[in-house]
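Below are the chains, spelled out letter by letter.
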Amino acid sequence: MAAVATNQIFKNDIFNGKVLMCTGGGSGICRALTEAFVRHGGKAVIVSRTLSKLEKAAEEMRTATGGEVVAVAGDVRKPEDMENAVKATVEKFGALNYLINGAAGNFLAPFQFMSYNAFRTVIEIDLLGTFNATKAAVEHIKASKGAILNISATLYYTGTPYQQHAGSAKAAIDALTKHWAVELGPHGVRVNGIAPGPIAGTEGMSRLGVGFETESVPVGRMGDVKDIEQATLFLLSDGASYINGVTLVVDGGQWMNPNYVAYPDMVLTPVDLKGKL
Ligand code: COA
Ligand code: NAP
């Protein structure tokens, strides 16, 4: 089995004086990415809908790292909320170098149980949310010659069943990564993505990991948030200064496993999962 990525690969001051805004940074993978960034010298603002959750996470991260983490409530679907979060970031820390677009919503929904509003909701959170946060932040990131990281997924590579909403949103996000890489590169801004595989202990896994088998991952284990942390630190750092427009898959090779079948027990007998996951 492959070892989990460790926390000691990069020097602990590589983000000294740098500022990150992370949507979805109050929980799961993006909380871990934010904490790793602060542990390496940076300051961060975390943004999502639930202020109480954000404030608790920010306090815990400050205690764990001794660094600065600030919570700002906002819904990525609302451009004015993203404008406000960016303004708050720049007022607090004087600049905005990096943006991680991590806010997302997902659930398993066979086509017959996917309402018009269900599909639209996920497109609005994942895709429009990524655009809204980036549109609000982009001039500051250009001014600081920073970088943007879009959190994606491998769902659409294989047409994963019950995931048309999230898969198509992530496909479009990967397109944005490329469009922005080309358009913002001349301004000194790099834009990349990470497509995590199944990451242990996350909301995504608890919602989507029905029937997950470790054997489906070629390296023989589930992902750990540390695996995504290390990829993030690298892609945001100057060590990746010639990497632009790439979505890095961090999944232990799972999506390429020819024997991997998502939701094998459900493919022929789709059930309404609403309220059950
Ligand atoms: N199956 C099918 N449809 C579902 C569903 C499910 N499991 N869960 C929600 N929906 C539908 C709702 O019924 C509604 O459609 P309707 O109006 O036609 O009934 C639509 O999706 C929007 O739901 P609502 O709860 O009003 O949206 P919201 O904006 O409050 O919440 C969600 C967004 C649904 C994505 C919610 O699960 C969420 O907030 N998720 C964030 C955390 C998360 O998903 N983490 C995992 C990231 S991988
Ligand atoms: P998570 O903990 O549920 O994180 C999602 C975050 O998005 C939450 O903190 C949520 O906070 C926020 N959010 C949701 N809707 C929002 C909105 N409208 N506006 C602002 N914020 C919103 O899930 P996770 O599993 O760690 O996933 C994190 C990212 O990794 C997502 O982009 C996901 O698609 C991706 N991913 C995860 C996995 C996995 O195995 N977990 C695999 C592949 C990809 P609020 O509720 O406070 O708004």
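Residues numbered from 1 in each chain as written. Chains lettered and ligands numbered in written order. Predicted model: local features only at pLDDT ≥ 70, side-chain atom pairs only at ≥ 80, totals over all residues. Heavy atoms only, no water.

1. A few points about the packing of aromatic side chains
Under the counting rule described, the total for this entry stands at six aromatic pairs. Between Y156 and Y157 the ring centres are 4.9 Å apart and the planes differ by 90°, which places this aromatic pair in the edge-to-face class. With 4.8 Å between their ring centres and 80° between their planes, Y157 and W255 make a pair best called edge-to-face. Of the two residues, Y157 is situated in the loop between β5 (147–151) and α5 (164–184) and W255 in the segment after β7 (247–250); the sequence distance between them amounts to 98 residues. A relative accessible area of 26% places Y157 in the partly exposed class. (Phe/Tyr/Trp six-rings, centres within 6.5 Å; stacked < 30°, edge-to-face > 60°. Helix = DSSP H or I, 4+ residues; strand = E, 2+ residues; numbered from the N terminus. Buried < 20%, exposed > 50% of the residue type's maximum accessible area, 1.4 Å probe, protein only.)

2. A few points about the packing of helix α1 (residues 28–39) against helix α2 (residues 51–65)
Relative to each other, α1 and α2 sit at 35°, their axes nearing to 10 Å. Crossing hand, α1 versus α2: right-handed. Residue-level contacts link R31, T34, E35, V38 and R39 of α1 to A57, E60, M61, A64 and T65 of α2. When the residues that make up the contact of α1 with α2 are grouped by side-chain class, the tally is four nonpolar, two polar and four charged. (Axes fitted to C-alpha atoms, helices over the stretch in contact; angles between N-to-C directions. Left-handed = near helix turned anticlockwise from the far one by under 90°. Contact = heavy atoms within 4.5 Å. Nonpolar A, V, L, I, M, F, W, Y, C, P; charged D, E, K, R; others polar.)

Treat this as a map of the structure, not an account of what it does.
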